[in-house]
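Tertiary structure, described
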Amino acid sequence: MLDSKIPAGKLEEKWVDYKGHCKLVNPANKRKMEVIIVGTGLAGASAAAAMGELGYKVKAFCFQDSPRRAHSIAAQGGINAAKNYQNDGDSVFRLFYDTIKGGDYRAREGNVHRLAEVSVNIIDQCVAQGVPFAREYGGLLSNRSFGGTQVQRTFYAAGQTGQQLLIGAYQALERQVALGNVTMYSRHEMLDVVKIDGKAKGIIARNLITGELEKHFGHAVLLCSGGYGNVFYLSTNAMGSNVTAAWKAHKQGAYFANPCFTQIHPTCIPVSGDHQSKLTLMSESLRNDGRIWVPKAKGDNRKAIDIPEEERDYYLERRYPAFGNLVPRDVASRAAKERCDAGYGVGTSKQAVYLDYAAAIERYGKIEVSKQGLKDVSIEDIIAMGKQVVKEKYGNLFDMYAKITGENPYEVPMRIYPAVHYTMGGLWVDYELQTNVPGLYALGEANFSDHGANRLGASALMQGLADGYFVAPYTVGNNLADEIYNAAIPTTHPAFEAAAKAVADRIASLKSINGKQSVESFHKRLGKIIWNECGMSRNEAGLKQAIADVQALKKEFWSDVRIPGEINEYNPELDKANRVADFIELGELMCVDALNREESCGGHFREEYQTPEGEALRDDENFMYVAAWENKGDHEWQLHKEELKYEVIKPSQRNYK
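Residue indices begin from 1 for each chain and proceed along its sequence in written order. Local features in this predicted model are restricted to residues whose pLDDT is 70 or higher, and side-chain atom pairs enter the listing and the counts only when it is 80 or higher, whereas totals over whole chains, interfaces and linings include all residues. By convention in this description, side-chain values take in all heavy atoms of the structure and omit both hydrogens and water.

This part covers the overall build of the chain. Secondary structure elements follow DSSP: runs of H or I of four or more residues count as helices, runs of E of two or more count as strands, with numbering from the N terminus. Looking only at helices and strands, the chain has 17 helices and 21 strands in total. We compute the radius of gyration over the C-alpha atoms and compare it with the globule rule, which gives 2.2 Å times the number of residues raised to the power 0.38. The globule rule puts the C-alpha radius of gyration for 657 residues at 26 Å, and the 24 Å found for the chain is close to it. Along the longest, intermediate and shortest principal axes, the C-alpha atoms of the chain span 80 × 55 × 50 Å. Considering the chain as a whole, with its 657 residues, one finds that 60% of them fall into the buried category. Note on contacts: a residue pair is in contact if any heavy atoms of the two residues lie within 4.5 Å. The contacts of the chain with a sequence gap of at least 6 include a subset with a gap of at least 24, amounting to 73%. Each accessible area is a Shrake-Rupley result for a 1.4 Å probe, and residues are judged covered by the shown protein chains and nothing else. Summed over its atoms, the accessible surface of the chain is roughly 24800 Å², and 49% of this surface lies on carbon and sulfur atoms. Partly exposed residues are those whose accessible area sits between 20% and 50% of the maximum for their type, while under 20% is buried and over 50% is exposed, using a 1.4 Å probe and protein chains only.

What follows deals with the packing of helix α13 (residues 494-511) against helix α16 (residues 572-596). As a packed pair, α13 and α16 sit with axes 11 Å apart at the nearest point and diverge in direction by 100°. Classified by the interaxial angle, the pair formed by α13 and α16 is roughly perpendicular. Across the interface between the two elements, R506, I507 and L510 of α13 pack against L574, A577, N578, A581 and D582 of α16. Counted by class, the contact of α13 with α16 contains 5 nonpolar, 1 polar and 2 charged residues. Comment: axis = line fitted to C-alpha atoms, over the contacting stretch for helices; angle = value between 0 and 180 degrees taken between N-to-C directions. By definition in this entry, angles of less than 35 degrees are roughly parallel, angles greater than 145 are roughly antiparallel, angles of 65 to 115 are roughly perpendicular, and the rest are oblique. Residue polarity is assigned by list, with Asp, Glu, Lys and Arg as charged and Ala, Val, Leu, Ile, Met, Phe, Trp, Tyr, Cys and Pro as nonpolar; anything else, Gly included, falls into the polar class.

Paired through their backbone hydrogen bonds, the strands of a sheet run either parallel or antiparallel. Any two strands with at least two DSSP bridges between them are considered paired. Across the sheet, which stays open at both edges, the 5 strands sit in the order β5-β2-β1-β9-β17 with parallel pairing between neighbours. In this open sheet, the two strands that pair with only one neighbour each are β5 (182-185) and β17 (440-442). For this sheet, the mean angle separating the axes of adjacent strands, direction not counted, is 20°.

Our next topic: the sheet that holds strand β15 (residues 414-423). Spatially, 5 strands are ordered β11-β15-β14-β12-β13 in an open sheet, and the strand pairing comes out antiparallel. Both outer strands of the open sheet, β11 (262-268) and β13 (312-313), are each paired with one neighbouring strand and no more.

Every case where a carboxyl oxygen of Asp or Glu lies within 4 Å of a side-chain nitrogen of Lys or Arg is listed as a salt bridge. Within the structure shown, the criterion is met by 54 salt bridges. R291 is the partner of E317 in a salt bridge, and the nearest nitrogen-oxygen pair spans 2.9 Å. Here R291 lies in strand β12 (residues 291-295) and E317 lies in helix α8 (residues 315-319), a separation of 26 residues in the sequence. The class of E317 is partly exposed, set by a relative accessible area of 26%. The class for R291 is partly exposed, based on a relative accessible area of 24%. Put simply, K576 and E573 hold a salt bridge, and the shortest N to O gap is 3.0 Å. Taken together, the positions of K576 and E573, both in helix α16 and 3 residues apart, correspond to about one turn of that helix.

Within strand β6 (residues 188-196), 8 of the 9 residues are buried, leaving the element largely enclosed by the surrounding structure. One ladder, built from 8 bridges, connects β6 with strand β7 (residues 199-207); its direction is antiparallel. The residue of β7 that forms the bridge with E189 is R206. Hairpin connection from β6 to β7: 2 residues lie between these consecutive antiparallel strands, with D197 at a positive phi of about 55°.

Any pair of Phe, Tyr and Trp rings, taking the six-membered ring for Trp, is counted once the centres come within 6.5 Å. Such a pair is stacked with planes under 30 degrees apart, edge-to-face with planes over 60 apart, and tilted for the rest. One pass over the structure, following the stated rule, counts 22 aromatic pairs. With 5.9 Å between their ring centres and 75° between their planes, F557 and W558 make a pair best called edge-to-face. Aromatic ring contacts, followed pair by pair, group W15, Y18, Y431 and Y474 into a single cluster. Between R291 and the ring centre of Y314, over which it is positioned, the NZ or CZ distance is 3.7 Å. Whether a charge sits over a ring comes down to the Lys NZ or Arg CZ being within 6 Å of the ring centre and within 35 degrees of the ring normal.

Ranked by internal contacts, the top residues of the largest apolar core, which has 153 residues, are I79, L222 and I530. Excluding residues within four positions of it along the chain, I79 makes contact with I122, I123, F133, R153, T154, F155, T161, L165, A458, L461, M462 and L465. Formed by 33 residues, the second largest nonpolar core is a distinct cluster that contains I292, V327, V353 and Y417. Working definition of a nonpolar core: buried Ala, Val, Leu, Ile, Met, Phe, Trp, Tyr and Cys residues. They are joined through side-chain atoms within 4.5 Å.

Our focus in this paragraph is the pairing of β11. Across the 7 residues of β11, 7 count as buried, placing the element largely inside the fold. Across 5 bridges, β11 lies against β15 in antiparallel orientation. Bridge assignment links Q263 to a residue of β15, and that residue is Y422.

Take the environment of E309 next. Relative to the helices and strands, E309 is located in the loop between β12 and β13. Overall, E309 belongs to the partly exposed group, its relative accessible area being 43%. Each C-alpha atom of the pair E309 and L191 lies 56 Å from the other, and the pair is 118 residues apart in sequence. Ignoring sequence-local partners within four residues, the contact set of E309 consists of R291 and Y314.

For the rest of this paragraph, the subject is the environment of N84. Relative to the assigned elements, N84 resides in the loop between β3 (79-80) and α4 (92-102). Residue N84 is classed as partly exposed on the basis of its relative accessible area, which comes to 25%. Distance from N84 to I404, taken between C-alpha atoms, is 37 Å for residues 320 residues apart in sequence. In this structure N84 touches G89 and D90, once residues within four positions along its chain are discounted. For N84, the side chain forms a polar contact with the main-chain nitrogen of D90, separated by 3.2 Å. Polar contact criterion, stated in full: a pair of N or O atoms within 3.5 Å, where within protein one must be able to donate a hydrogen and the other to accept it, and residues adjacent in sequence count only if both atoms are side-chain atoms.

Interhelical geometry of helix α3 (residues 42-54) versus helix α12 (residues 460-480) gives an angle of 30° and a closest axis separation of 8 Å. It follows that α3 is roughly parallel to α12 by the angle criterion. Regarding α3 and α12, the two cross each other, and that crossing is right-handed. Along its contact with α3, which presents L42, A43, S46, A47, A50, M51 and L54, the element α12 presents L461, G464, L465, G468, Y469, A472, P473 and V476. Left-handed describes a crossing whose near helix is turned anticlockwise from the far helix by less than a right angle; the clockwise case is right-handed.

To continue, consider helix α14 (residues 519-534). Multiply 1.5 Å by the residue count of a helix minus one, and that product is the helix's expected span. Between the first and last C-alpha of α14 there are 22 Å, a value that for 16 residues agrees with the 22 Å anticipated at 1.5 Å per step. On its buried face, α14 is in contact with β18 (517-518), α15 (540-560), β19 (561-562) and α16.

The next thing to look at is the state of the cysteines. Two cysteine sulfurs form a disulfide in these notes if their separation is within 2.5 Å. Within this structure, the stated rule accounts for 0 disulfides. Among the cysteines around C62, which has no disulfide bond, C224 carries the closest sulfur, lying 12 Å off.

Listed below in structure tokens is the structure:
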């Protein structure tokens, strides 16, 4: 069994005790220590800013032209924190409990409780940076609800919370760049981890403008490179988001944990055709006030506004009365799929359900009438006032929907359908966020540690900033304290030369194929295989077929892919080919992991294992563990298990009814 290095003692005292006893690096020695950070989204930018502020020599890498283009900027709805400003029963323990339960009891208690603890500091940090969180009339920070909870703990900045948080972290990062503590390498992509004596000591990065391979030393390497949802081709992720940094670490010995745990977001604009290259998320915050429904009659082709109230099925409110439209994402997604598969879907594709704001608009309008002390107000004026309130709360989301679909969501219900959004799996890390490769860390969505089999909405931003601002500075420092006697290793060291040669050889091998099929076509085919057989539901026969199909696709890719251009130049097709090659290998492991886990939990829904009501049926006796896979060569992995021990929360069948 793997050792997660969770400190002993009471759950609520573990992190405090760790911080009180971890080893420190004095300021003079920090200036001698070099830290590499790969990725500059919320986790990477906050880690680089925090480590730079402490005095470490930081080198930060991103493949975009600016950290501001990191995918974190696309997050919409909010960030969780156990501040209990609403006085509605929230607490650190409640956030901890909701996260464990929402993840279907497949997350570590120690890591999750730490996340809940430091969540309260994140808001203060961001407010101090000038993040413009929404505020109530009196000036207090506002909160709203998200799925899987019965309290309001989500802080937000309209529908652009990720953008505002990233700008805050970016400002902190750029301050350190200006001070000379952080060196920024934009348009650079990490293509391998360099190990010396079993420890991570640097990376090989490709300059995406010139094509040149560069060698960089670091006493520690922090991977903050996000998730791997683009393995499905169509997802809500930015098109550049990829698994390459994490996968290269995996090929160098880092275990990949729970790769089959993928989150399908229930609130996305439906697929419109094969021309699409990505999908658009509509924030989960819309489920606060929007009501989700389908017609009660199969194949009802009437317009939504022509279907009377008594002929509508508000199926989430019907099935889960306690949580209603705010059930967790995996539950809401499967429920939408079930209704559409049963013939109740709407729109031309019949692969959509309605998200309706009519009732919310009228309710807000009546509140405005009451606030203003008006009498004898017409329904038209009530609706007009209600629309104005909704516009203030969700306006940019409504505008985005209107631009993409050509429909006015203030007048007609939105059409939504589940889509790939977040990946709970990632590199296995211990309590210190260190992988099983010493000196190699994974932060944010790049690791597996905090969300179990399903992430609660608004917890991704929370984890990224928690890891970067408040966890890594302690845990990385604890290990760097033992490195102060080790001088920087020159990049002429044989290990760096060998790693650079291996990367160059792989690139040359890819380029020399000179096949007939585009990189994009392979990515699309891979995405269809993984979506159909390892997406919203999985079964044994489908997964076995998917494994065979992905293996065949890999063989075809390496014999018939076409990559135009040259190696030593700006060549985005070559960059894409590198990433798709890694996605193909990851896709196989995802199916292997899903096949091995003979239970249903959270976002992993094996059709053979479900309750009579169609809910996920866990097998705690046989599968209460983290599945950490070690790469053993082509198509070969060895399973290592980390037992999950619940000392505070008693696992039970999830119930949102």
